[in-house]
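Report on the structure
Here is what each chain is made of, one letter per residue.
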Amino acid sequence: MQTPWGDFAVADAHVHFFSRRFFSALASQSGKTPEQVAEAAGWILPAEDPVELARAWAAELDAHGVARASLIASMPGDEASVESAVAAFPDRFYGYIMVNPLEDGALERTQIALRCGLHAVCLFPAMHRYAVQDPRAEAIIQAAAGYRGRAVFVHCGVLTVGIRKKLGLPSPFDMRYSNPLDLHRVALSY
């Protein structure tokens, strides 16, 4: 297939899947409606059904000659939206679960998502305020390691969430947990 990229397939490894549930969560935090959140962001409010959002993403990928994309659940607890998208378009999307290892049930949610076919676990230590060497984070990494072909994505460095700023919401990220050197010991273990 000839694409704008040449004769090879291109995959986007980092697409945030801003589901209706994501907009609803921001709405409850900001005192706005999901429609007002979408307007503030300059985005289109997605349909309730995440498969419709996946269909829109597939069309967008087609328009730009991108063969596949990794969809990240953009908040802990929204992995069902990504699971639906991946199930509807398994040849187009990889699914990533965002996990806060400090939350009750995080390990169990991760195990379920991996069993349901999600491909990677996303950790945001600065956002959720934990060290990647925390035993709860290591348990999440160990769970992913138990599945062939699964990955763990750890966000290091500067982290901003522009929509939170537009809504006047704080982003209390702790950059002490964003140093990529913290991954050294964990990475050596796997």
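Residues numbered from 1 in each chain as written. Predicted model: local features only at pLDDT ≥ 70, side-chain atom pairs only at ≥ 80, totals over all residues. Heavy atoms only, no water.

Locating Ala88 in the fold gives a position in helix α4 (residues 79-88). For the pair Ala88 and Arg55, spaced 33 residues apart in sequence, the C-alpha separation works out to 8.6 Å. (Helix = DSSP H or I, 4+ residues; strand = E, 2+ residues; numbered from the N terminus.)

The geometry of helix α1 (residues 20-30) relative to helix α2 (residues 34-41) is characterised by a closest axis approach of 8 Å and an angle of 95 degrees between their N-to-C directions. When the axis of α1 is compared with that of α2, the two are roughly perpendicular. Residue-level inspection shows Phe23, Ser24, Leu26, Ala27 and Ser30 of α1 in contact with α2, the latter providing Pro34, Val37 and Ala38. Class assignment for the residues of the contact of α1 with α2 results in 6 nonpolar, 2 polar and no charged. (Axes fitted to C-alpha atoms, helices over the stretch in contact; angles between N-to-C directions. Parallel < 35°, antiparallel > 145°, perpendicular 65-115°, else oblique. Contact = heavy atoms within 4.5 Å. Nonpolar A, V, L, I, M, F, W, Y, C, P; charged D, E, K, R; others polar.)

A word on the side chain of Ser19. For Ser19, the position within the fold is in the loop between β1 (11-17) and α1. Only 2.5 Å separates the side chain of Ser19 from the side chain of Asp78, close enough to count as a polar contact. Those residues in contact with Ser19 that sit more than four places away from it in its chain are Pro46, Leu53, Asp78 and Ser81. (Polar contact = N/O pair within 3.5 Å; in protein donor to acceptor, adjacent residues only side chain to side chain.)

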